[in-house]
Amino acid sequence: MNNKVLRHDTYCRICSSEKIKTVLRLEDTPLEDQFLREEYKEQKQPVYPLELALCEDCGYLHLPYIVNPEASYADYVYESSVTVGLRNHYDDYARQIVDDFKLVKDSLVVDLGSNDGSMLASFKKTGMRVLGVEPASAIATQANQNDLPTINDFFTENVVSNILQEHGKANVVTANYMYANIDDVMSFTRSVAKLLSEDGIFVIQTGYHPEQMKIKMFDYIYHEHFSYFTVRVLNNIFNLCGLELIQAINISPKGGSIRVIGQLKGGGRKVDSSVSMLIEKENKYGMHDSSVYETFAEEIQAAKNKLLVELNAIKSTGKRIVGIGGSHSTTTLTYHFELSPFMEYIVDDNSLKHGSYSPGYHLPVYPTKKLHDDMPDYVIVLAWQHGNSILNKHKEVLDKGISFILPLPELQIIDELS
Ligand SMILES: [Zn+2]
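Residues numbered from 1 in each chain as written. Predicted model: local features only at pLDDT ≥ 70, side-chain atom pairs only at ≥ 80, totals over all residues. Heavy atoms only, no water.

Across the nine residues of helix H10 (residues 328–336), nine count as buried, placing the element largely inside the fold. Along its buried surface, H10 packs onto strand E2 (20–29), strand E3 (48–55) and helix H9 (290–316). Remark: Glu 338 follows H10 within two positions and exhibits a positive phi of approximately 55 degrees. (Buried < 20%, exposed > 50% of the residue type's maximum accessible area, 1.4 Å probe, protein only. Helix = DSSP H or I, 4+ residues; strand = E, 2+ residues; numbered from the N terminus. Contact = heavy atoms within 4.5 Å.)

One open sheet holds the seven strands; their spatial order is E8-E7-E6-E9-E10-E13-E12, and the pairing between them is mixed. The open sheet has two edge strands with one neighbour each: strand E8 (150–151) and strand E12 (243–251). For strand E9 (residues 170–176) and strand E10 (residues 196–207), the ladder comprises six bridges, and the chain directions are parallel. What sits directly across from Ala 170, in E10, is Leu 196. (Pairing = 2+ DSSP bridges.)

What follows deals with the pattern of salt bridges. A full pass over the atoms with the stated rule returns 20 salt bridges. The residue Arg 13 makes a salt bridge to Asp 9 at a minimum N-O spacing of 2.9 Å. Using a relative accessible area of 10% as the deciding quantity, one classes Arg 13 as buried. Connected through shared salt-bridge partners, Arg 7, Asp 9, Arg 13 and Asp 183 make up one network. (Salt bridge = Lys/Arg side-chain N within 4 Å of Asp/Glu carboxyl O.)

Before going further, it helps to spend a moment on the environment of Asp 184. Within the fold, Asp 184 resides in the loop between E9 and helix H5 (185–195). With relative accessibility at 43%, the residue Asp 184 sits in the partly exposed group. When the C-alpha positions of Asp 184 and Phe 226 are compared, they lie 9.6 Å apart, and in sequence the two are 42 residues distant. A polar atom in the side chain of Asp 184 sits 3.2 Å from the backbone nitrogen of Ser 187. (Polar contact = N/O pair within 3.5 Å; in protein donor to acceptor, adjacent residues only side chain to side chain.)

Turning to the sheet that holds strand E11 (residues 227–228), a few remarks are in order. One open sheet accounts for four strands, arranged E2-E3-E4-E11; its pairing is antiparallel. Edge positions in the sheet fall to E2 and E11, since each has one partner strand and no second. The pairing of E3 with strand E4 (residues 61–62) spans two bridges and is classified as antiparallel. Across the sheet, the residue bridging to Ala 53 is His 62, located in E4. The sheet contacts of H9 involve E2, E3 and E4, and relative to E2 the element is tilted by about 20 degrees. Contacts from H10 reach E2 and E3 within the one sheet, and its direction differs from that of E2 by about 85 degrees. (Axes fitted to C-alpha atoms, helices over the stretch in contact; angles between N-to-C directions.)

This paragraph deals with the environment of Leu 120. Tracing the backbone shows Leu 120 in helix H2 (residues 118–125). Residue Leu 120 is classed as buried on the basis of its relative accessible area of 0%. Sequence separation of Leu 120 and Val 397 is 277 residues, and the distance between their C-alpha atoms is 39 Å. Beyond its immediate stretch of four places on either side in the chain, Leu 120 contacts Val 109, Asp 111, Ser 114, Val 130, Leu 131, Gly 132, Leu 148, Pro 149 and Thr 150.

Time to look at H2. Those residues of H2 that sit buried are Ser 118, Met 119, Leu 120, Ser 122 and Phe 123. Looking one or two residues past H2, Gly 127 carries a phi angle of roughly 90 degrees, positive in sign.

By a widespread convention, an interface's size corresponds to the accessible area lost as its parts come together. As far as domains go, the protein holds domain 1 (6–73), domain 2 (87–289) and domain 3 (291–414). One C-alpha centre belongs to domain 1, the other to domain 2, and the line joining them spans 23 Å. Taken together, the contact between domain 1 and domain 2 spans 26 residues of the former and 23 residues of the latter. Summed over both sides, the interface of domain 1 with domain 2 buries roughly 2,000 Å², with 66% coming from carbon and sulfur. Between the two partners, domain 1 and domain 2, sit one salt bridge. At the junction of domain 1 and domain 2, the tally comes to eight residue pairs in polar contact (both at pLDDT 80 or more). (Domains from an automatic or database assignment. Buried area = accessible area lost by both parts, 1.4 Å probe.)

Only Cys 12 (SG), Cys 15 (SG), Cys 55 (SG) and Cys 58 (SG) from the protein coordinate the zinc ion, and they sit 2.3 Å from it. Every donor counted, the four donor atoms about the zinc ion form angles of 105 to 115 degrees at the centre, which fits tetrahedral coordination. Here the donor residues of the zinc ion are spaced in sequence according to C-x2-C-x39-C-x2-C. Take Cys 12: its relative accessible area is 1%, and that puts it in the buried class. (Donors = N, O, S within 2.8 Å, 3.2 Å for Na, K, Ca; no water. Tetrahedral: all angles 85-135°; square planar, octahedral: opposite > 155°, others 65-115°.)

Turning our attention to the pairing of E12. Across eight bridges, the pairing between E12 and strand E13 (residues 257–264) is antiparallel. Looking across to E13, one finds that Gln 247 is bridged to Ile 261. If you look at the hairpin formed by E12 and E13, you'll find five residues sitting between the two strands, and Lys 254 has a positive phi there, around 60 degrees.

Take the confidence of the model for the protein next. Of the residues in the protein, 95% reach a pLDDT of 70 or more, and the chain-wide mean stands at 93. Confidence drops under pLDDT 50 across residues 78–82; counting only partners more than four residues distant or on other chains, this segment forms 17 contacts. (pLDDT = per-residue confidence, 0-100.)

Written out as C-alpha cells, the structure is:
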C-alpha cells in the first residue's frame, strides 16, 4: 500500500500512548462518499482497512488507519452535497446559544467547516457578525454569493492569524459535525483557543457513539470520520489545549449526538453538572473499556448473519432486490454486510447523485421514482436510520406491493404501514 495514501498510527493522537488496541474490525472499504461519474465507472477504486482502536490510557476511540484526505478530493468523484435536514435545527441552535450566553449584538461568530453557510445564516438573523471557514471551494463560493463571508481554506494557524487581524477575537466558535473529521485534533483545538475572546465559547456538535451503539449504528464508522468522542475524552482534549469543558448535552440528530461547550480556562463560567453526569454514565457503561466494543462487534455480526439468511431466501425464489440511500454510511453498511450481490441498483432522493455509481461496487444510482416504473419486489433500506421517514414517503409503492427491508436495529420486512 502506498503509504502516502494510507497512514497507520500506532500511538494515540491525543495522549501519545502506545497502548492502542483494535476493538472493531470492519471489511476493507473504499472511500465511502466516492460515487463515480458515468465516464469513470470502469475505474477500479482502492479499498482501505476500516478499524476502530481504543487508547487504553485515555480512552480515545479512533481510526488507526488514516487515508490521506487528498485521496478523497480526486477529480472523478461527485461534488459532495450539503447535509440536508439540519437547517431548521440551526435556527433553534443559534437562538439558544445567543440566549443562554447572553451574546450582545455584533458579537463575532466563526463557524468552522461552515459548508454552504446555513449555520452562519441562522446566527446572522440574530444580529451577530458571522464568518465561515470552509475548505470545499464550490460551497464556500456559494456562501459568499449569499452574503455569508467565508474563507475558502482549512482552519490553520495562518487562517487564525488572518481572522485575528481582520476581525478580532471570536465570541463564539462553532464546529458542526466536522470535529470528528479532523486529523490533528490537538493542534486544531489549540488554534480555536487562540481565536477565542476571554469570555468566548467553543461549541461542538458531533455524533455520540454511546447513543449510536444502542441502536447498533455501526455504519457511522467511515474513513473521513477519524474520531469517536466521549465527553470524558473531549474533556481531556480541552484540558490539554487550554480550554475547559463547561456543558455537555445529548441531542437527537444522526442517531444520537452531543453538543459540548467550552471556554478558555478561567473563563469565569461555572462547570455545569451535565459534564460529570455524562462522564459518570460513560464510565458506568464501560465506554473506555475494550470489552464493550467486543460485545458490539458480536451484535453486528449476528445482525449481518440474520439479514443474509433472509436475503438468500428471497433471492432463491427469483425475486428482485434493490437498495435505497446513497451516502457514507450506506457504503460502510453495504461493504461490511456484503449486500452488493443482492442489489440491482440503488435509488436516492439526492439529485446530485443520480446517474452516478456507488463506491467500489459501482451499482447505478437512480431517482427514487424508478421504484414506481420498475417495481422491484424488495427494497433494502440502506439508510435505515431514516427508516420511518423513508417508509412514509414511499407509502404508495408499499401499497403497490413492494416490500421494504429494514436491516437494523432489528431486521424487519415491511409490507404495509401499520
Ligand atoms: Zn490516549
